[in-house]
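# Chains, contacts and geometry: an overview
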Amino acid sequence: MAWPARGHFDQLIHVAARYLRDQRVVRDEIGEQRALLDIEGLWRGYRIILSEIHRPDGSRRYAYFVLDTENQSIAGFDNSADVQAIRMCYGDEWRRHIHEEIPHSHDVHQKIRLTDEMTALRFFDWLQTELPKTTTQ
């Protein structure tokens, strides 16, 4: 099966290299049922983790996170089937959607907020405009 994920992963690796220092591809696997890519690197003193899972049906699960120098989460965006996000999205009907992937973000206090779908490019834009500079640049 020719996966469109391969071209996307190659592009994502290339784009990440423009933004991140000490970038490394932690996992790059393409199988029959899924394609996985995990990238880590540094940006302005923060540790950045990018993770994407692509499925044959074209759906995508993602997680993009920012960690501080002590590996504490500063911010993150993902579309996991998080119960809190599902409850925020569907209210009393949340149980009917228990495995649904919902785009959301996490802040430094682990507060969840519903968001639009995130992409790696949008995440890099967010880093540049929203994340404060650290003293360890």
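Just so it is clear, the model here is predicted, and its values are computed rather than measured.

### Examining the nonpolar core
Of all hydrophobic cores here, the largest spans 27 residues; its most connected members are Ile48, Leu50, Val66, Phe123, Trp126, Leu127 and Leu131. At the level of elements, helix H1 (4–19), strand E2 (35–43), strand E3 (46–54), strand E4 (60–67), strand E5 (73–78) and helix H3 (120–130) are the ones that each hand at least two residues to this core. In this structure Leu131 touches Trp43, Arg44, Tyr46, Val66, Ile74 and Trp126, once residues within four positions along its chain are discounted. Formed by five residues, the second largest nonpolar core is a distinct cluster that contains Ala85, Ile86, Trp94 and Ile102.

### With respect to the pattern of salt bridges
When the charged atoms of two side chains with opposite charge come close together, those side chains can pair. In the structure shown here, the tally under the stated rule is nine salt bridges. Notably, a salt bridge pairs Asp10 with Arg6, separated by 3.0 Å at the nearest N-O pair. In this pair, Asp10 and Arg6 both sit in helix H1, four residues apart, roughly one turn of the helix. Residue classification places Asp10 among the partly exposed residues on the basis of a relative accessible area of 42%.

### What about the sheet that holds E3?
Taken together, the seven strands give an open sheet; going across it, the order is E1-E2-E3-E4-E5-E6-E7, and neighbouring strands pair in antiparallel fashion. Each edge of the sheet is formed by a strand with only one pairing partner; in this case those strands are strand E1 (21–30) and strand E7 (112–114). Neighbouring strand axes in the sheet, compared pairwise and without regard to direction, differ in orientation by 10° on average. Note that E2 and E3 share nine bridges and pair antiparallel. Note that in E3 the partner of Leu37 across the bridge is Glu52. In the packing of H3 onto the sheet, the strands contacted are E2, E3, E4 and E5, and the crossing angle to E4 comes to about 20°.

### A closer look at the side chain of Asp38
With respect to the element layout, Asp38 can be found in strand E2. Classification of Asp38 by relative accessible area gives buried; the value is 13%. A distance of 2.6 Å separates polar atoms of two side chains, one belonging to Asp38 and the other to Ser51.

### Regarding the pairing of E2
With eight of its nine residues buried, E2 lies for the most part within the structure. The pairing of E1 with E2 spans seven bridges and is antiparallel. Note that in E2 the partner of Ile30 across the bridge is Ala35. Counted between consecutive antiparallel strands, the loop separating E1 from E2 contains four residues. What sits between E2 and E3 in their antiparallel hairpin is a turn of two residues, with Arg44 showing a positive phi close to 50°.

### A look at unusual backbone geometry
The backbone of Asp22 sits at a positive phi, close to 50°, despite the residue not being glycine. Looking at the secondary structure, you find Asp22 in strand E1. Positive phi is not limited to glycine here, since Asn71 has a value of about 60°. Mapped onto the elements, Asn71 comes out in the loop between E4 and E5.

### Notes on the packing of aromatic side chains
What the rule picks out here adds up to seven aromatic pairs. With 4.4 Å between their ring centres and 5° between their planes, Tyr19 and Phe124 make a pair best called stacked. One end of the pair, Tyr19, is in helix H1; the other, Phe124, is in helix H3, with 105 residues separating them in the sequence. What links up through ring pairs into an aromatic cluster is the set Tyr19, Tyr62, Tyr64, Phe77, Phe123, Phe124 and Trp126. Residue placement shows Arg87 over the ring face of Trp94; its charged tip is 4.3 Å from the ring centre.

The rules we used
Residues numbered from 1 in each chain as written. Predicted model: local features only at pLDDT ≥ 70, side-chain atom pairs only at ≥ 80, totals over all residues. Heavy atoms only, no water. Core = buried A, V, L, I, M, F, W, Y, C linked by side-chain atoms within 4.5 Å. Buried < 20%, exposed > 50% of the residue type's maximum accessible area, 1.4 Å probe, protein only. Helix = DSSP H or I, 4+ residues; strand = E, 2+ residues; numbered from the N terminus. Contact = heavy atoms within 4.5 Å. Salt bridge = Lys/Arg side-chain N within 4 Å of Asp/Glu carboxyl O. Pairing = 2+ DSSP bridges. Axes fitted to C-alpha atoms, helices over the stretch in contact; angles between N-to-C directions. Polar contact = N/O pair within 3.5 Å; in protein donor to acceptor, adjacent residues only side chain to side chain. Phe/Tyr/Trp six-rings, centres within 6.5 Å; stacked < 30°, edge-to-face > 60°. Lys NZ or Arg CZ within 6 Å of the ring centre and 35° of its normal.

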